[in-house]
Amino acid sequence: MLVFVPLDRAGLAAWATGRPPQTTGFAATASFLDAFGLPSPDDEDAERTLLAIASLAGLLSHGVRLVAVAEAGRPERDEPADFGAVQVSALPWRAVSALFADEPASADAVAAAASELAGAELPEAWDHPAAEQLLTSCDLLWHGSAEFETLSG
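Conventions adopted
Residues numbered from 1 in each chain as written. Predicted model: local features only at pLDDT ≥ 70, side-chain atom pairs only at ≥ 80, totals over all residues. Heavy atoms only, no water. 1 Å grid on protein atoms, 1.4 Å probe; cavity = no way out; pocket = protein on both sides within 12 Å on 5 of 7 lines; lining within 4 Å. Points joined across faces, edges and corners; volume = space filled by probe spheres on them. Helix = DSSP H or I, 4+ residues; strand = E, 2+ residues; numbered from the N terminus. Nonpolar A, V, L, I, M, F, W, Y, C, P; charged D, E, K, R; others polar. Salt bridge = Lys/Arg side-chain N within 4 Å of Asp/Glu carboxyl O. Buried < 20%, exposed > 50% of the residue type's maximum accessible area, 1.4 Å probe, protein only. Core = buried A, V, L, I, M, F, W, Y, C linked by side-chain atoms within 4.5 Å. Contact = heavy atoms within 4.5 Å.

Help me understand the layout of surface pockets, please; the structure alone is not making it clear to me.
Unfilled space is identified by rolling a water-sized probe across the atoms. Considering only enclosed or pocket space, the second largest pocket measures out at about 200 Å³ in volume. Secondary structure elements with two or more residues in the lining of the second largest pocket: α3 (44-62) and β6 (140-143). The leading source of residues in the lining of the second largest pocket is α3, at five residues. Grouping the constituent residues of the lining of the second largest pocket by class yields eight nonpolar, two polar and three charged.

What is the right way to look at the pattern of salt bridges in this model?
For side chains of opposite charge, pairing can occur when their charged atoms come near one another. Under the counting rule described, the total for this entry stands at three salt bridges. Among the ionic pairs, arginine 48 bridges to glutamate 44, the shortest N-O distance being 3.0 Å. Here arginine 48 and its partner glutamate 44 are both found in helix α3, four residues apart, which amounts to about one turn of the helix. What makes glutamate 44 exposed here is its relative accessible area of 54%. Aspartate 45 is the partner of arginine 48 in a salt bridge, and the nearest nitrogen-oxygen pair spans 2.5 Å. With arginine 48 and aspartate 45 both in helix α3, this residue pair falls three residues apart, about one helical turn. Since its relative accessible area comes to 37%, aspartate 45 is described here as partly exposed. Within the structure, one salt-bridge network assembled from shared partners comprises Glu44, Asp45 and Arg48.

It is not clear to me how the nonpolar core should be interpreted in this structure. Could you clarify?
As a rule of thumb, nonpolar side chains are buried together in soluble globular proteins. Core analysis: the largest hydrophobic core is formed by 31 residues, its most contacted members being Phe4, Phe26, Phe32, Leu56, Leu59, Phe100 and Leu117. Going through the elements one at a time, α2 (30-36), α3, β3 (66-71), β5 (96-102), α4 (107-117), α5 (122-126) and α6 (129-137) are the ones with two or more residues in this core. The dominant element in this core, judged by the number of residues it contributes, is α3, at eight residues. Setting aside its immediate chain neighbours within four residues, phenylalanine 32 contacts Ala27, Leu38, Ala46, Thr49, Leu50, Ile53, Ala81, Asp82, Phe83 and Gly84. Ranked by size, the runner-up nonpolar core spans 21 residues in total, among them Val5, Leu7, Trp15 and Ala68.

Right, here's the structure in full:
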């Protein structure tokens, strides 16, 4: 099962150099699929939605949208369950298949959204116009896991 893990730059560097995070990630759990009306964990819309959720969670927690995608087997569920929250621990760096981050040109929009959403919890932020604006106007760029140094610096 793919898990989308929001990180800060230091957390990314630590994971890539051998210290896996103990954090919340987001995966296509049964409750997530039901909540979003998605047919399958392998559905492209499920992956796109999980990336959006993880990026928003990262913005709320770390002030940046930086997401690692890893193969995690069957992680343990966490709250909020409807968002596919799962506990992530002891995942080796080799499980990471991709990284997503904002392009530098999105910095002002990301900072504005972070300011607007400050103090919000994920369910509240998900429905906020500032989050919708950010998610629809600022795409995340794909990076290979080997590019972690350019994103963690």
